[in-house]
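# Coordinate analysis (summary)
Residues per chain are reported as follows:
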Amino acid sequence: MSDLLLLGLIGGLTLLLLLTLLAFAGYSGLLAGVTVSAGSPPIRNVTVAYKFHIGPYSETGRLFTESCSVSPKLRSIAIYYDNPHVVPPEKCRCAVGSILSEGEESPSPELIQFYQKFGFKVFSFPAPSHVVTTTFPYTSTLSIWLATRRVHPALDAYIKERKLCAHPRLEIYQQDQIYFMCPLARQGDFYVPEVKETERKSRGPAEASDTQMDGTGADTTSDTSSVSLEVGPGSRETSAATLSPGVSSRGWDDGDTRSEHSYSESGASGSSFEELDLEGEGPLGEPRLSPEVEPLGATKWPREPSTPEKGEE
């Protein structure tokens, strides 16, 4: 009799544990709906402190921890530039850090110097007129893992179905929500200088080997490398400044820095903003902007979870 009682107790505890885990998963977003749309961005123009990383995206957790340790109250942000399904993990590029200011507000020189003291660089991103965006609950560490399994495939499907050019992919951690954003315009303004530098280094040897001379000795190599793309209309309407004490301008050219291994490499085109679902409000309750006509074309990816701890923001 005692054996049956013991087995029943073990079975009851096991069932209770499973129910607890299921409840926690539901609380973390397991059953949350993922609605992808195109419209106004979830944030305005922002100034961020970041560290650039080349390597597996699964290793970026330490960067989130570093940025949150400097100022736990600031929102965290990550920008992913490469498709880990195409690019070797050790060559994937991203920038991770904190949002110092948003909109017309400027970060204080003291805050900038404080982040720079810990090795962070400061850069500004504009607010694009249109983005592909969605949100996911951010209630626990498990939310991050669930988001990588549920949100990124939904973004992939939306972008591929409409043949959009949406890159790079941004994640903004704000209170109890994770905001995902893929710019549909001005994409070049979201590439930090380190990305541009890696593009120059990677295409330098290729340009040297592919250079051909015509009969008169003139160099017939195109001004644009095969791994760089033309800048679409409005892709750099204004320059986004790299901020540091006493410096207010960015020192790299205006070209779009997508590489041949970028997640926006599909080459599909022909879709326009008029064909997108732009009705309703943006993720933060702002009205969506009126559409603009611009050729587009692309696909996306899921990544390994690595983000700040919930209580550090």
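Here, residues in each chain are numbered from 1, in the same order as that chain's written sequence. Local features in this predicted model are restricted to residues whose pLDDT is 70 or higher, and side-chain atom pairs enter the listing and the counts only when it is 80 or higher, whereas totals over whole chains, interfaces and linings include all residues. Derived side-chain values reflect all non-hydrogen atoms in the structure, with water molecules and hydrogen atoms excluded from consideration.

## Concerning the confidence of the model for the protein chain
Per residue, pLDDT measures the predictor's confidence, with a range of 0 to 100. Confidence along the protein chain averages 73 in pLDDT terms, with 65% of residues attaining 70 or more. Any two residues having at least one pair of non-hydrogen atoms within 4.5 Å are treated as being in contact. Here residues 265–274 is modelled with pLDDT under 50, and outside its nearest four sequence neighbours on either side it reaches 31 contacts, counting other chains as well. Long-range and interchain partners of residues 279–313, a stretch whose pLDDT sits below 50, account for 147 contacts in this model, where long-range means more than four residues apart.

## Here we look at the sheet that holds strand β3 (residues 76–80)
We treat two strands as partners when DSSP finds at least two bridges between them. A run of DSSP states H or I qualifies as a helix once it reaches four residues; a run of E qualifies as a strand once it reaches two. Both are numbered from the N-terminal end. On the basis of which strands lie adjacent, the open sheet formed by eight strands has the order β1-β6-β8-β7-β3-β4-β2-β5 and antiparallel pairing. Of all the strands in the sheet, just β1 (37–39) and β5 (121–125) have a single pairing partner and so form its edges. Averaged over all adjacent pairs, the angle separating strand axes in this sheet is 30 degrees, with direction ignored. Relative to strand β8 (residues 177–183), strand β6 (residues 131–137) runs antiparallel, the two being bridged by seven bridges. In the sheet register, Thr133 faces β8, and the bridge partner there is Met181. Every angle, taken between N-to-C directions, lies between 0 and 180 degrees, and every axis is a line fitted to C-alpha atoms, over only the stretch in contact when it is a helix. Along the sheet face, helix α3 (residues 109–117) touches β2 (46–54), β4 (93–102) and β5 and points at about 155 degrees away from the line of β4.

## What about unusual backbone geometry?
Note on backbone geometry: most residues besides glycine have negative phi, and most peptide bonds are trans. Of note, the amide linkage connecting His167 to Pro168 takes the cis form, showing an omega dihedral of -15 degrees. Relative to the assigned elements, Pro168 resides in the loop between α4 (141–162) and β7 (169–174). Unlike most non-glycine residues, Lys163 shows phi in positive territory, near 55 degrees. Within the fold, Lys163 resides in the loop between α4 and β7. Buried residues are those whose accessible area, probed at 1.4 Å on protein chains only, stays under 20% of the maximum for their type, while exposed residues exceed 50% and partly exposed ones sit between those limits. Judged by its relative accessible area of 45%, Lys163 falls in the partly exposed class.

## Focus on the environment of Asn83
Structurally, Asn83 can be placed in the loop between β3 and β4. Judged by its relative accessible area of 5%, Asn83 falls in the buried class. Sequence separation of Asn83 and Pro168 is 85 residues, and the distance between their C-alpha atoms is 9.7 Å.

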